[in-house]
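Residue-level listing of the chains:
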Amino acid sequence: MVIAASSGKNLVLANQFCQSFEQQGMPTKLIDLTTLNWPVYTPELDGDSDREPPTSEVSELILNSEALVVCAPEYNGIMPPALNNTIAWLSVQSDDFRRLFNNRTVLLATHSGGGGAHCLMAMRHQFSFLGSNVIGRTMTLNSKKPFSPETMDDLVQRVLQ
């Protein structure tokens, strides 16, 4: 499963990953977190069935995926709110939240107006804390680092191994 945590360039990057996986014979599902329109998580909303978002579809997609590719821009030195909010809602809505991420392979990528390194570090920290097996190599695109088909091919192969 490929997750885009913003529209724009990270959604383009997420689509490139989908195409690369499909070329290798691995069907993928893309989720654009910006289209979920989930409310910002607060403890007060937890348990309010009228305002809780429908998280079961996203949970099922994660549970049925072999790996996750997360494409997210850097927002002021951290990961974007859409990704953080999604993880927060999944953590309180899932019957077994740890099962969503524990021992799941996760590949991190960013197309960022800044350097992107802080976002990658924040995502690595978050997914490692959740028990995921985060691939060591990442993809970083910015004004000084253009897209590299060779890097994409290498990263896709690391996920498929």
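Our structure is the block above this text.
A brief report on the enclosed structure follows.

Quick notes on the rules
- Residues numbered from 1 in each chain as written.
- Predicted model: local features only at pLDDT ≥ 70, side-chain atom pairs only at ≥ 80, totals over all residues.
- Heavy atoms only, no water.
- 1 Å grid on protein atoms, 1.4 Å probe; cavity = no way out; pocket = protein on both sides within 12 Å on 5 of 7 lines; lining within 4 Å.
- Points joined across faces, edges and corners; volume = space filled by probe spheres on them.
- Helix = DSSP H or I, 4+ residues; strand = E, 2+ residues; numbered from the N terminus.
- Nonpolar A, V, L, I, M, F, W, Y, C, P; charged D, E, K, R; others polar.
- Buried < 20%, exposed > 50% of the residue type's maximum accessible area, 1.4 Å probe, protein only.
- Pairing = 2+ DSSP bridges.

With respect to empty space enclosed by the protein
Now for step 1: Tallied over the full model, the rule gives 1 cavity of 30 Å³ or more.
Now for step 2: Here the largest cavity defines a volume of roughly 60 Å³.
Now for step 3: Listing elements by their share of the lining of the largest cavity, those giving two or more residues are helix 2 (56-63) and helix 3 (81-93).
Now for step 4: If one sorts the elements of the lining of the largest cavity by residue count, helix 3 sits on top with 4 residues.
Now for step 5: Taken together, the residues of the lining of the largest cavity sort by class into 10 nonpolar, 1 polar and no charged.

Thoughts on the pairing of strand 4 (residues 105-111)
Now for step 1: Of all 7 residues that make up strand 4, 6 are buried, and the element is covered over most of its length.
Now for step 2: Note: strand 3 (residues 67-71) against strand 4, 5 bridges, orientation parallel. Paired with Leu68 across the two strands is Val106, which belongs to strand 4.
Now for step 3: Bridge analysis of strand 4 against strand 5 (residues 133-134) gives 2 bridges, and the strand direction is parallel. Within strand 5, the position partnered with Thr105 by the bridge is Asn133.
Now for step 4: Here strand 4 pairs with strand 6 (residues 139-141) via 3 bridges, running parallel.

Overview of the environment of Gly136
Now for step 1: With respect to the helices, strands and loops of the structure, Gly136 is situated in the loop between strand 5 and strand 6.
Now for step 2: Residues Gly136 and Val106, 30 residues apart in the sequence, show an inter-C-alpha distance of 9.6 Å.

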